[in-house]
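Listed here are the chains, written in short residue letters.
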Amino acid sequence: MKYNFISDRVKSIKPSQTIAVTSKARELKELGKDVIGLGAGEPDFDTPIHIKDAAIKAIKEGKTKYTAADGVLELKEAICEKFLRDNQLGYDIDEISVGAGGKQVLFNALLATIDKGDEVIIPAPYWVSYPDMVVIAEGIPVILETSKENNFKVTLEQLKKKITLKTKWIIINSPSNPTGSVYSIDELKEIGKILDEHPHVGIISDDIYEKIVYDNFQFSTLASIIPQHKNRILTVNGVSKAYSMTGWRIGYAGASKEIIKSMAKIQSQSTTNPSSVSQYAALEALQGEEDFIEKNNQMFKKRRDIISDIINQCKGLSVNKPKGAFYIFPSCSELIGSKTANGIVLKDDSAFCEYLIEEAGVAVVPGSAFGKKGYFRISYATSDELLIKAGNRIKDACKKIT
Ligand SMILES: Cc1ncc(COP(=O)(O)O)c(C=O)c1O
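What comes next is a walk through the structure. As the structure is a computational prediction, the values presented were derived from the model and not from experiment.

Some words on the overall build of the protein chain
Then, number 1: Check the secondary structure of the protein chain and you find 14 helices and 14 strands.
Then, number 2: Whereas a compact globule of 402 residues would reach a radius of gyration of roughly 21 Å, the protein chain reaches 21 Å, a difference of no more than 12%.
Then, number 3: Dimensions of the protein chain along its principal axes, counting C-alpha atoms only, are 60 × 60 × 50 Å.
Then, number 4: For the protein chain, with 402 residues in total, the buried portion stands at 56%.
Then, number 5: Total accessible area on the protein chain stands at roughly 17700 Å², and carbon and sulfur atoms take up 53% of it.
Then, number 6: Counting 53 positive and 51 negative side-chain charges, the protein chain places the averaged centre of each group 4 Å from the other.

Topic: the packing of aromatic side chains
Then, number 1: Summed over the entire model, instances satisfying the criterion amount to 16 aromatic pairs.
Then, number 2: On the basis of an interplanar angle of 85 degrees and a centroid distance of 5.5 Å, the ring pair of Phe152 and Tyr375 is categorised as edge-to-face. Taken together, the residues span a long stretch of sequence, with Phe152 in the loop between strand S4 (140-145) and helix H7 (156-162) and Tyr375 in the loop between strand S13 (365-366) and strand S14 (376-379) at a distance of 223 residues.
Then, number 3: Measuring from ring centre to ring centre gives 5.7 Å for Tyr209 and Tyr327, while their planes differ by 80 degrees; the resulting arrangement is edge-to-face. Remark: Tyr327 occurs in strand S9 (residues 327-328) and Tyr209 occurs in the loop between strand S6 (202-206) and helix H9 (222-225); sequence separation between them is 118 residues.

Quick notes on the site of the ligand
Then, number 1: Taken together, 13 residues are adjacent to the ligand, and Gly102, Asp206, Ser240, Lys241 and Arg249 come closest.
Then, number 2: With respect to the ligand, the side chain of Asn177 contributes an N or O atom lying 2.8 Å from an oxygen atom.
Then, number 3: With the chains in place, 93% of the 400 Å² that the ligand exposes on its own is no longer accessible.
Then, number 4: A total of 3 residues in the shell around the ligand trace back to one element, the largest contributor, which is helix H5 (residues 101-113).
Then, number 5: For the shell around the ligand, the per-class residue count stands at 4 nonpolar, 5 polar and 4 charged.

Considerations on the nonpolar core
Then, number 1: Grouped together as the largest cluster of nonpolar side chains are 49 residues, with contacts concentrated most on Leu75, Ile170 and Tyr243.
Then, number 2: Ranked by residues supplied to this core, first place goes to helix H11 (residues 276-287) with 7 residues.
Then, number 3: Ignoring anything within four residues of it in the chain, the contact list for Leu75 reads Val98, Ile250, Gln279, Ala282, Leu283 and Leu286.
Then, number 4: Membership of the second largest hydrophobic core comes to 42 residues, among which are Ile36, Tyr214, Ile311 and Ile394.

With respect to the sheet that holds strand S3 (residues 119-124)
Then, number 1: If you walk across this open sheet you meet the 7 strands as S2-S8-S7-S6-S5-S3-S4, and the pairing is mixed. Single-partner strands in this sheet number two, and they are strand S2 (96-99) and S4. Sheet twist, expressed as the average angle between the axes of neighbouring strands with direction ignored, equals 20 degrees.
Then, number 2: Pairing between strand S5 (residues 167-173) and S6: 5 bridges, direction parallel. Looking at S6, one finds that Asn173 is bridged to Asp206.
Then, number 3: Sheet contacts for helix H4 (residues 73-87): S2, strand S7 (233-238) and strand S8 (251-254); angle to S2, the most-contacted strand, approximately 115 degrees.

Here we look at H4
An α-helix turns once every 3.6 residues. As a result, residues three or four positions apart point the same way.
Then, number 1: With 15 residues, H4 extends 20 Å between its outermost C-alpha atoms, agreeing within 8% with the 21 Å of an ideal straight helix rising 1.5 Å per residue.
Then, number 2: Listed in full, the buried residues belonging to H4 are Leu75, Lys76, Ala78, Ile79, Cys80, Lys82, Phe83 and Asn87.
Then, number 3: Positioned one or two residues after H4, Gln88 has a phi angle of 50 degrees, which is positive.

Some details on the packing of H4 against H11
Then, number 1: Relative to each other, H4 and H11 sit at 25 degrees, their axes nearing to 9 Å. In terms of orientation, H4 lies roughly parallel with respect to H11. Here H4 runs over H11; the crossing is left-handed. Contact with H4, carried on its side by Glu74, Leu75, Ala78, Ile79, Glu81, Lys82 and Arg85, involves Gln279, Tyr280, Ala282, Leu283, Leu286 and Gln287 of H11 and no other residues of that element.
Then, number 2: Across the contact of H4 with H11, the residue classes break down as 7 nonpolar, 2 polar and 4 charged.

Overview of the side chain of Asp207
Then, number 1: One can find Asp207 in the loop between S6 and H9.
Then, number 2: It is Lys82 that comes nearest to the buried, bridge-free Asp207 among opposite-charge side chains, at 6.6 Å.
Then, number 3: Discounting residues that sit within four places of it in the chain, Asp207 has contacts with Ser174, Phe219, Thr221, Thr235, Val236 and Asn237.

Some thoughts on the side chain of Ser97
Then, number 1: Of note, Ser97 is situated in strand S2.
Then, number 2: For Ser97, a relative accessible area of 2% translates into the label buried.
Then, number 3: Leave out the neighbours within four places in its chain, and Ser97 touches Asp70, Val105, Gly251, Tyr252, Ala253, Ile260 and Met263.

What counts, and where the lines are drawn
Residues numbered from 1 in each chain as written. Predicted model: local features only at pLDDT ≥ 70, side-chain atom pairs only at ≥ 80, totals over all residues. Heavy atoms only, no water. Helix = DSSP H or I, 4+ residues; strand = E, 2+ residues; numbered from the N terminus. Rg over C-alpha atoms; globule rule 2.2 N^0.38 Å. Buried < 20%, exposed > 50% of the residue type's maximum accessible area, 1.4 Å probe, protein only. Areas by Shrake-Rupley, 256 points an atom, 1.4 Å probe, with all protein chains shown as cover. Lys, Arg positive; Asp, Glu negative; His and termini not counted. Charge placed at Lys NZ, Arg CZ, Asp CG, Glu CD. Phe/Tyr/Trp six-rings, centres within 6.5 Å; stacked < 30°, edge-to-face > 60°. Near = heavy atom within 4 Å. Polar contact = N/O pair within 3.5 Å; in protein donor to acceptor, adjacent residues only side chain to side chain. Nonpolar A, V, L, I, M, F, W, Y, C, P; charged D, E, K, R; others polar. Core = buried A, V, L, I, M, F, W, Y, C linked by side-chain atoms within 4.5 Å. Contact = heavy atoms within 4.5 Å. Pairing = 2+ DSSP bridges. Axes fitted to C-alpha atoms, helices over the stretch in contact; angles between N-to-C directions. Expected span 1.5 Å × (residues − 1). Parallel < 35°, antiparallel > 145°, perpendicular 65-115°, else oblique. Left-handed = near helix turned anticlockwise from the far one by under 90°. Salt bridge = Lys/Arg side-chain N within 4 Å of Asp/Glu carboxyl O.

Distances and angles like these do not, on their own, reveal function.
Structure representation (structure tokens):
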């Protein structure tokens, strides 16, 4: 008999395509090809020195042992203060969970709450990991298409049509990966009405890009807008993006005691706890000075403008200028289908992105990876010079498509 070690669970999920594009760009670079990688979902800035120093101090003080499964008390206290200070949200210590990145926190939350067959409504385009995490938890991702005309945001009417008795969660991500779109207070208030009508439904609010916003946009989070439903909202955040700490792996959530306790149970039987040293670095991130965030945002805004302007000059491409995160999500629908380049038919957005990497040496991620065909994602977390170079290469490559 042939051994079959690989589970159906693993066979039912896809590897992250954003990580795949980043790896492909790295591989081609190692082979000597001149490739500009615009695939990675992380700031190119270094972690600020005061945060690194806090980690070194923690090491020297011997804070190098196992910690409480879902985070040390000092960090949980700092997270409570952060929620109060930045979001006017009052969480108790036992309503906070810390994990190895927002990713693990979301993963724990879904595993802790989803039973086989439960549905999770995910507006598309979505962050690549949501549907697969739901599948791993044996739930059913219910994809809800949004349109460029509505800046890729869902409406209450659209949500109403997707709710069933099996719906457990709706995931809202603002500012969004991959589109950079943001929800206003009024839009969130409107969406929140779904919880009035459906007492069995909860909302996961993924706020990981909270602090990366432009054009005077004021970020708000759902639980502070509809506090009457706070117990049915899981607020996810983390230090990866705003503090340039992607490698440190610290994320956190605020939710009802019941959910938080169940998430800790899962964590205690999987990774035990997030890295002790990283937790002390995150503590400093949340309590230390934050002036650098505004400076970083000014640089990001300039880059957003540079790349959006070039993309809108490219034959067949168009993009809205978003107010958050460090991504743009241009449409390439006019350049795919029956159009050809170098004698090859660019049948879809994946073929278009393949063409960009081969012809222009620019690595971007196809929209289909985010559940939206006919688009692609550019991460502009790289230098102005590289962005201009990449943009001009894309422009030349688009001219050759006929
Ligand atoms: C929308 C969204 N949520 C959550 C995460 C998780 O980030 P981390 O695990 O680094 O905290 C990411 C990272 O790319 C993201 O884009």
